[in-house]
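# Results of the structural survey
Listed below, chain by chain, are the residues.
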Amino acid sequence: MGCGMGKSEVRAALLIQRWYRQYVARLEMRRRCTWNIFQSIEYAGEQDQIKRPLPSISGFHAGSLISHIFRVNEICRDAEWERYFCYESIEVPDSYTGPRLTFPMTFCGVSKVVQAFKHKQQLHARYVLQLLRETWRLLRILTNISHVSTCHTKEITICGDLHGHLEDLLLIFYKNGLPSSEKPYVFNGDFVDRGKNSLEILLILFGFLLVYPNDVHLNRGNHEDHIVNLRYGFTKEVLGKYRVHGKKILNLLQKIFSWLPLATVIDHKVLIVHGGISATTDLNAIARVDRHKYVSALRPPNMLMQYVYYIIYTSPLSSVLTMTDSSTQIVDVLWSDPMPQNGCIPNEVRGGGCYWGPDVTEEVLGRHNLQLLIRSHECKQDGYEFCHNRRVLTIFSASNYYEMGSNRGAYIRMGPDLVPHFIQYQASQACRELTLRQSVGWTERSALRALREQLFVHKSDLISAFQEFDPNNTGKISLSHWASATESVLKLGLPWRVLRPQLVSSTQYGMVDYQMWIRELSITEPKLQISDTSILETMYKNHSNLETIFRVIDTDHSGSISFEEFRQTWRLLCSHLKTEISDEAIADLAHSIDFNKDGSIDINEFMEAFRLVDLSAHA
């Protein structure tokens with residue numbers, strides 16, 4: 001009997017084990033599908049920016065946004081920059097409670113900055129400008145490629161993308177220690193954009209660079225580019241935090257980004273670049289490039305400014321730019337991604353750089369007598385990932401990049417043996433307390449919400465695509481036609497038939513009532529009553545740019561703009577449209593946004609009018 005009980009227990013244990021494995025496998029499949037949604041939306045956004053030209057409307061060009069903020073005269077001499085960024089006239093009031101910095105920067109000074117940012121204090125604009133100017137002076141004497149040596153008593157710490165996630169940087173310092181002569185660091189670019197504390201990260205890293213210039217190494221990433229920042233949030237962050245001196249801060253950062261080194265080499269054996277390589281990558285050529293001339297890698301020097309690349313829409317690099325060898329070298333190391341197949345092909349998704357295969361890795365590393373390439377640039381679920389026979393290593397340090405629980409962050413410790421050791425983490429305490437099922441459910445709901453938002457802002461295009469499959473105007477199409485039409489509009493490469501149960505509430509006999517589905521898709525309560533609904537759809541599509549453009553047009557920092565300034569804002573935002581919007585339609589929209597009818601539009605009215613609300617979440 002005891003033997004029989006033992007067999008039953010073993011059988012029960014095996015059944016539980018099998019069930020658990022299937023349960024985990026289903027959760028992993030859901031997690032991967034969620035990941036694909038996030039990544040597809042992110043890359044499609046970049047691709048959309050890259051593929052469309054940016055025409056003028058009635059003489060108004062989106063390049064005006066650049067000239068509103070940045071000094072476009074690239075011939076400006078260093079002495080002129082010194083005078084332009086003079087900070088001595090900026091007074092620090094007695095009421096200021098943040099850190100008061102003295103220069104040359106000390107470890108004590110930068111430690112105070114770290115503590116201030118940890119407690120959500122803001123550094124006074126005078127000290128920001130002074131710190132940035134000292135950083136610019138230092139960067140100008142550094143080489144394009146930083147060379148680092150290990151010794152028996154040192155490990156080098158390598159961090160990937162931080163993207164404004166200050167909590168990740170603070171956690172790294174807590175776990176690993178602050179940078180010092182005994183604790184050298186390499187930060188591999190993309191310090192800014194997407195997250196809300198990009199400027200704080202820059203000021204901390206620049207502070208440690210000033211104190212330990214031989215032990216803190218900063219590589220440039222593709223987001224250390226003022227044109228990219230216009231699209232992905234850093235410009236908005238700076239203008240929001242520093243209303244009076246924000247444009248001056250951005251101008252100095254424009255120069256600083258162009259002087260950041262492009263690569264780091266450890267012990268002549270490990271190459272660290274932000275994006276990657278191509279078949280033509282030549283470290284000797286990179287070492288000779290006048291990197292500061294490439295204020296934007298998307299706009300090589302000595303070119304007429306015919307297009308503005310990452311504001312709303314940009315032209316494909318392959319058709320607009322005839323690149324010099326130097327600019328190609330820079331774009332490749334900043335923008336490229338590895339692929340599993342052999343070869344080297346244009347990176348059409350990113351709009352610059354290439355996809356390179358394992359054969360290219362072997363050739364380039366062999367030609368330079370290197371054994372490992374460390375790069376960042378791509379979010380990885382575990383914070384790191386090997387490819388190309390473990391000769392290429394991606395490191396990504398921003399945890400919860402897409403959503404809470406979407407990914408872990410990681411950093412590398414590397415000693416004299418040049419073997420990478422990984423430390424993974426979750427910066428969010430709430431995320432660490434979630435079960436696997438809760439974490440997957442949270443990120444899945446967020447991904448579907450983002451996907452519904454994409455469907456919502458493309459309603460008109462979706463209806464036209466559905467009608468192509470409905471010649472008799474029945475209002476219904478097959479599930480396969482629904483999936484095909486949806487993909488043709490959004491171009492996300494997603495398994496729409498698999499996602500259908502989460503997006504379409506019901507079908508009958510394999511048919512989708514697309515008219516009802518479009519009505520159910522509404523994710524925002526109508527706030528505005530205007531005749532031209534295409535205006536609303538355009539604003540919703542570009543709502544992530546609204547505050548940046550408002551801040552730029554609001555030249556007196558009053559927090560409100562006139563109807564005439566709104567008209568200019570509208571023309572800037574919609575300069576990608578093929579047909580001109582009438583002044584009457586723009587005036588109609590302006591009067592609708594002016595909720596309190598005071599004759600002007602304040603920032604709250606402007607943002608609230610186009611705020612997207614997921615009604616399904618409230619339901």
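Naming follows an unreviewed UniProt entry, where the protein appears as Serine/threonine-protein phosphatase of Scophthalmus maximus. Regarding the protein, the relevant UniProt record gives this comment under Sequence similarities (unreviewed entry): "Belongs to the PPP phosphatase family."

### Considerations on the packing of aromatic side chains
Tallied over the full model, the rule gives 16 aromatic pairs. Measuring from centroid to centroid gives 3.8 Å for Tyr384 and Phe422, while their planes differ by 5°, and the two rings are stacked. Of this pair, Tyr384 sits in strand 11 (residues 384-387) while Phe422 sits in strand 14 (residues 420-425), and the two are 38 residues apart along the sequence. The exposure class assigned to Tyr384 is partly exposed, which follows from its relative accessible area of 26%. On the basis of an interplanar angle of 90° and a centroid distance of 6.4 Å, the ring pair of Trp482 and Trp496 is categorised as edge-to-face. Of this pair, Trp482 sits in helix 18 (residues 479-490) while Trp496 sits in helix 19 (residues 496-503), and the two are 14 residues apart along the sequence. We note that Trp482, like Trp496, is buried. Aromatic rings pair up to connect Phe107, Phe173, Tyr185, Phe187, Phe208 and Tyr212 into one cluster. A cation over a ring is seen here: Arg140 above Trp136, with NZ or CZ 4.6 Å from the ring centre. Across from the ring centre of Phe386, 3.9 Å away, lies the NZ or CZ of Arg390, which sits over that ring.

### Let's talk about the environment of Ser488
In this structure, Ser488 sits in helix 18. With a relative accessible area of 40%, Ser488 lands in the partly exposed category. Separated by 23 residues in the primary sequence, Ser488 and Ala465 have C-alpha atoms spaced 7.8 Å apart.

### With respect to the sheet that holds strand 1 (residues 145-148)
Spatial ordering of the open sheet is given by 1-5-6-10-12-11, a layout of six strands whose pairing is mixed. Among the strands making up the open sheet, the edge pair consists of strand 1 and strand 11. Each strand axis lies, on average, 20° off the axis of its neighbour in the sheet, ignoring direction.

### Some thoughts on the nonpolar core
Formed by 63 residues in total, the largest nonpolar core has its most connected members in Phe187 and Leu253. With residues near it in sequence (within four places) discarded, Phe187 still touches Cys159, Leu162, Leu169, Phe173, Leu205, Val216, His217, Leu218 and Asn219. Within the second largest apolar cluster, 34 residues are counted, among which are Leu451, Leu462, Leu494 and Leu503.

### Some points on the UniProt feature "domain: EF-hand" (unreviewed entry) in the protein
Those places that UniProt annotates as "domain: EF-hand" (unreviewed entry) correspond, in this numbering, to residues 457-492, 541-576 and 581-616. Overall, residues 457-492 shows 64% helix and 8% strand. The separation of its end C-alpha atoms is 14 Å.

### Focus: the pattern of salt bridges
Charged atoms that come close allow side chains of opposite charge to pair. The final tally for this structure, using the stated rule, is 13 salt bridges. For the salt bridge of Lys241 with Glu237, the shortest nitrogen-to-oxygen distance reads 2.9 Å. Within this pair, Lys241 and its partner Glu237 are both found in helix 9 (residues 234-241), separated by four residues, close to a single helical turn. A residue is classified by how much of its surface remains accessible, and Lys241, at 22% relative accessible area, is partly exposed. Of the charged contacts, one joins Arg367 and Glu363 as a salt bridge, the two residues approaching to 2.8 Å between their closest N and O atoms. Of this pair, Arg367 and Glu363 are both found in helix 14 (residues 358-367), four residues apart, which corresponds to roughly one turn of the helix. Note on Glu363: relative accessible area 38%, which makes it partly exposed. Each of Asp337, Arg375, Glu378, Lys380 and Glu385 takes part in salt bridges that share partners, so that together they form one network.

### Side note on the sheet that holds strand 3 (residues 185-187)
With mixed pairing, five strands are arranged side by side in an open sheet as 4-3-2-13-14. Strand pairing shows two members of the sheet lacking a second neighbour, strand 4 (216-218) and strand 14, which therefore form its edges. This sheet shows a mean twist of 20° between the axes of neighbouring strands, independent of strand direction. Where helix 6 (residues 166-176) meets the sheet, it contacts strand 2 (156-159), strand 3, strand 13 (409-414) and strand 14, and its direction lies at approximately 125° from that of strand 14. Against the sheet, helix 7 (residues 198-211) contacts strand 3 and strand 4, and its axis sits at roughly 130° relative to strand 4.

### Here we look at helix 14
If you check which residues of helix 14 are buried, you get Pro358, Val360, Thr361, Val364 and Leu365. Looking straight down helix 14, one finds its buried side chains confined to an arc of 150°; they lie on one side. Immediately beyond the C-terminal end of helix 14, within one or two residues, lies Asn369, with a positive phi of roughly 55°.

### Thoughts on helix 19
Looking at helix 19, one finds that the buried residues are Trp496, Leu499, Arg500 and Leu503. Along the long axis of helix 19, the arc covered by the buried residues comes to 135°, so they all point the same way. More than 90 degrees from the buried face of helix 19, the exposed residues found are Val498 and Pro501.

### Considering unusual backbone geometry
Note that the residue after Phe103, namely Pro104, is joined by a cis bond; omega there is 5°. Secondary-structure assignment places Pro104 in the loop between helix 3 (78-84) and helix 4 (107-118). Although it is not a glycine, Arg194 adopts a positive phi angle of roughly 75°. Assignment of secondary structure puts Arg194 in the loop between strand 3 and helix 7. For Arg194, a relative accessible area of 33% translates into the label partly exposed. Backbone geometry places His377, a non-glycine residue, at a positive phi of 80°. Here His377 is to be found in the loop between strand 10 (372-375) and strand 11. On the basis of relative accessible area, His377 is assigned to the buried category, the value being 5%.

Conventions adopted
- Residues numbered from 1 in each chain as written.
- Predicted model: local features only at pLDDT ≥ 70, side-chain atom pairs only at ≥ 80, totals over all residues.
- Heavy atoms only, no water.
- UniProt positions renumbered as here; feature names shortened; annotations may be inferred.
- Phe/Tyr/Trp six-rings, centres within 6.5 Å; stacked < 30°, edge-to-face > 60°.
- Helix = DSSP H or I, 4+ residues; strand = E, 2+ residues; numbered from the N terminus.
- Buried < 20%, exposed > 50% of the residue type's maximum accessible area, 1.4 Å probe, protein only.
- Lys NZ or Arg CZ within 6 Å of the ring centre and 35° of its normal.
- Pairing = 2+ DSSP bridges.
- Axes fitted to C-alpha atoms, helices over the stretch in contact; angles between N-to-C directions.
- Core = buried A, V, L, I, M, F, W, Y, C linked by side-chain atoms within 4.5 Å.
- Contact = heavy atoms within 4.5 Å.
- Salt bridge = Lys/Arg side-chain N within 4 Å of Asp/Glu carboxyl O.
- Arc of directions from axis to C-beta.

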